[in-house]
Amino acid sequence: MDLKQIEELVKIIEKSSLTEFSVKEGDLKITMSKINRNAAAVEGLAAAEAVQELYEAETEEDEAFITSPIVGTFYAAASPEEPPFVSVGDVVKAGQTVCILEAMKLMNEIQSDFECEIEAVLVSNEQKVEYGQPLFRVKKL
């Protein structure tokens, strides 16, 4: 995907009612969002530079967060009586369950793809989450 194609995607998304969009081509993953979290960082930049800045910021964020792979309801523990799967400061192994996301009455165990330390839990128990929403800020080990 070249810069011209990315610019065209930006124009299409700007005109649509979508609030967030992701596309993956080979090793390249681009996430675009109309949520105003990076506006200050890109203010005053040309459109192509803004796309590049947002892409680099998203790439860095993806490397430092465990994100939701689905839309659903976040649960920190297997049941209300049990302790959370992970807490701030915990070291998590690759494949270890970090939370449960309920979608369409199905309980989905979400696992870490890599070894990391939990720096922050970014959502509350029973909170609705979106696809791609950061759930945990982590430090890769």
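All figures in this text were calculated on a predicted structure; none of them were measured in a lab. (Residues numbered from 1 in each chain as written. Predicted model: local features only at pLDDT ≥ 70, side-chain atom pairs only at ≥ 80, totals over all residues. Heavy atoms only, no water.)

1. Focus: the packing of aromatic side chains
Under the defined criterion, the tally for this structure stands at one aromatic pair. Sitting above the plane of the Phe114 ring, Lys140 keeps its charged end 4.6 Å from the centroid. (Phe/Tyr/Trp six-rings, centres within 6.5 Å; stacked < 30°, edge-to-face > 60°. Lys NZ or Arg CZ within 6 Å of the ring centre and 35° of its normal.)

2. What to know about the side chain of Ser68
Within the element layout of this structure, Ser68 appears in the loop between strand S3 (65-67) and strand S4 (72-75). Looking at Ser68, its side chain comes within polar contact range of the main-chain oxygen of Ile70, at 2.4 Å. Leave out the neighbours within four places in its chain, and Ser68 touches Leu101, Val129, Glu130, Tyr131, Gly132, Gln133 and Leu135. (Helix = DSSP H or I, 4+ residues; strand = E, 2+ residues; numbered from the N terminus. Polar contact = N/O pair within 3.5 Å; in protein donor to acceptor, adjacent residues only side chain to side chain. Contact = heavy atoms within 4.5 Å.)

3. What about the pairing of strand S8 (residues 116-121)?
In the sheet, strand S5 (residues 91-92) pairs with S8 via two bridges, with the strands oriented antiparallel. Opposite Val92, over in S8, you have Cys116 as the bridge partner. In the sheet, S8 pairs with strand S10 (residues 134-140) via five bridges, with the strands oriented antiparallel. Following the sheet pairing, Ala120 is matched in S10 by Arg137. (Pairing = 2+ DSSP bridges.)

4. Brief notes about the sheet that holds S10
Spatial ordering of the open sheet is given by S3-S10-S8-S5, a layout of four strands whose pairing is antiparallel. Looking at strand neighbours, the two that pair on one side only are S3 and S5, the edges of this open sheet.

5. Some remarks on the nonpolar core
In this structure, Ile66, Phe74, Val98, Cys99, Leu135, Phe136 and Val138 are the most contacted members of the largest nonpolar core, which totals 16 residues. Those elements that provide at least two residues to this core are strand S6 (97-103), S8 and S10. Those residues in contact with Phe74, other than ones at most four positions away along the chain, are Cys99, Ile100, Leu101, Val121, Val123, Ser124, Asn125, Glu126, Gln127, Val129, Leu135 and Phe136. Judged by nonpolar contacts, the second largest core, of six residues, contains Ile6, Leu9, Ile13 and Ile30. (Core = buried A, V, L, I, M, F, W, Y, C linked by side-chain atoms within 4.5 Å. Buried < 20%, exposed > 50% of the residue type's maximum accessible area, 1.4 Å probe, protein only.)

6. Comments concerning the confidence of the model for the protein chain
Here the protein chain shows a mean pLDDT of 79. Residues at 70 or above account for 77%. The secondary-structure element of the protein chain with the lowest mean pLDDT is helix H2 (residues 39-42), recorded at 43, while S4 shows the highest, at 95. Note that pLDDT drops below 50 for residues 37-45; the model gives that stretch twelve contacts with residues more than four away or on any other chain. (pLDDT = per-residue confidence, 0-100.)

7. A few points about the sheet that holds strand S7 (residues 106-111)
The strand order S7-S6-S4-S9 describes an open sheet built from four strands, whose pairing is antiparallel. With partners counted over all chains shown, the strands left at the sheet margins are S7 and strand S9 (128-129), one partner each. As defined by bridge partners, S4 adjoins S9 across two bridges and the pair is classed as antiparallel. Looking at S9, one finds that Gly72 is bridged to Val129.

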